[in-house]
Amino acid sequence: MNASDIASLVRDARSCRRFIEADPIPAELLLQLVDIARLAPSSRNQQALRFLVLSSPADRERIFPFFKWAAALDWAGPQPGERATGYILFLRRVGAQTAHDAGIAAMTIKLAAAAAGYASCIMGGIDRPGLHRVLGLSPETEIDIAVALGRAGEKIVIEPLAPGAPVAYWHDADDVHHVPKLGLADLLHHTGPSR
Ligand SMILES: Cc1cc2nc3c(=O)[nH]c(=O)nc-3n(C[C@H](O)[C@H](O)[C@H](O)COP(=O)(O)O)c2cc1C
């Protein structure tokens with residue numbers, strides 16, 4: 001494996017929101033993804049995140065309404081038949097500082113899932129009180145973020161983004177999802193010569 005293999009993996013691992021529900025992600029793979037995320041870096045090596053893996057059709061139906069899909073789009077979200085088939089919820093004890101760890105674990109899961117042929121979307125838009133209630137979580141536990149996974153059911157392409165232009169992604173007339181990204185030169189910070 002070399003850097004361009006990693007670049008391809010990152011390029012392929014777009015945020016997917018429409019899946020092929022008829023081709024569910026295996027429950028064993030979801031566990032394997034958590035086992036991989038277990039090895040990811042953690043602030044002060046606290047390892048404060050806990051993972052709740054849900055993939056049965058009944059669980060999926062129960063939790064789906066608590067996620068907000070593609071806030072930037074005027075879109076009703078994934079319809080029956082195109083919804084995620086697995087969810088990994090990141091949990092922590094109330095007040096634990098896990099935001100960075102959660103991001104790193106989520107990306108680790110995303111990349112490993114992409115390498116296994118599955119698409120995903122990191123989900124921060126969650127009705128947390130509602131989901132907490134429906135899952136019967138203890139009062140000491142709170143929900144950080146989640147990763148929704150499944151077999152990709154949509155085409156996603158990266159577009160160039162000019163500095164200052166709108167960052168919102170869009171669907172075209174053929175239902176292709178476009179994601180604008182800034183170029184390398186726009187992201188590098190330069191300090192001027194010292195005088
Ligand atoms: C921390 C975080 C939270 C996110 N939450 C949501 C979400 O609640 N719903 C959603 O549809 N997408 C969510 N996304 C996906 C972003 O919208 C997506 O990363 C962005 O549009 C760029 O697309 P890309 O991931 O394909 O590059 C989230 C991404 C991150 C990193």
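If you're wondering where the values come from, they're calculated on a predicted model, not measured in any experiment.

Here we take up the packing of helix 2 (residues 27-37) against helix 4 (residues 99-115). The relative placement of two packed helices is expressed as an angle between their axes plus a distance between the axes. At their nearest, the axes of helix 2 and helix 4 sit 9 Å apart, and the two run at 130 degrees to each other. Considering their axes alone, helix 2 and helix 4 lie oblique with respect to each other. Helix 2 and helix 4 meet at a crossing whose hand is right-handed. Touching Leu33, Ile36 and Ala37 of helix 2 are Ala105, Thr108, Ile109, Ala112 and Ala113, all from helix 4. Of the residues contributing to the contact of helix 2 with helix 4, the split by class is seven nonpolar, one polar and no charged.

The subject of this paragraph is the environment of Asp172. In this structure, Asp172 sits in the loop between strand 6 (170-171) and strand 7 (177-182). Residue classification places Asp172 among the partly exposed positions, given a relative accessible area of 26%. In terms of polar contacts, Asp172 uses its side chain to reach the side chain of His178, at 2.8 Å.

Most of strand 3 (residues 119-123) sits out of view: four of its five residues are buried. Looking at chain direction, strand 3 and strand 4 (residues 141-150) are connected through five bridges and run antiparallel. Each residue of the ladder has a partner; that of Ser120, found in strand 4, is Leu149.

Time to look at the domain arrangement of the protein chain. Looking at the assigned domains, one finds that the protein chain contains domain 1 (3-154) and domain 2 (155-195). A C-alpha centroid distance of 24 Å is found between domain 1 and domain 2. Counting residues at the interface gives 12 residues for domain 1 and 11 residues for domain 2. For the pair domain 1 and domain 2, the number of links is one salt bridge. Here domain 1 is connected to domain 2 by five residue pairs in polar contact (both at pLDDT 80 or more). In terms of residue class, the side of domain 1 that touches domain 2 is built from six nonpolar, one polar and five charged.

Cut-offs applied
Residues numbered from 1 in each chain as written. Predicted model: local features only at pLDDT ≥ 70, side-chain atom pairs only at ≥ 80, totals over all residues. Heavy atoms only, no water. Axes fitted to C-alpha atoms, helices over the stretch in contact; angles between N-to-C directions. Helix = DSSP H or I, 4+ residues; strand = E, 2+ residues; numbered from the N terminus. Parallel < 35°, antiparallel > 145°, perpendicular 65-115°, else oblique. Left-handed = near helix turned anticlockwise from the far one by under 90°. Contact = heavy atoms within 4.5 Å. Nonpolar A, V, L, I, M, F, W, Y, C, P; charged D, E, K, R; others polar. Buried < 20%, exposed > 50% of the residue type's maximum accessible area, 1.4 Å probe, protein only. Polar contact = N/O pair within 3.5 Å; in protein donor to acceptor, adjacent residues only side chain to side chain. Pairing = 2+ DSSP bridges. Domains from an automatic or database assignment. Salt bridge = Lys/Arg side-chain N within 4 Å of Asp/Glu carboxyl O.

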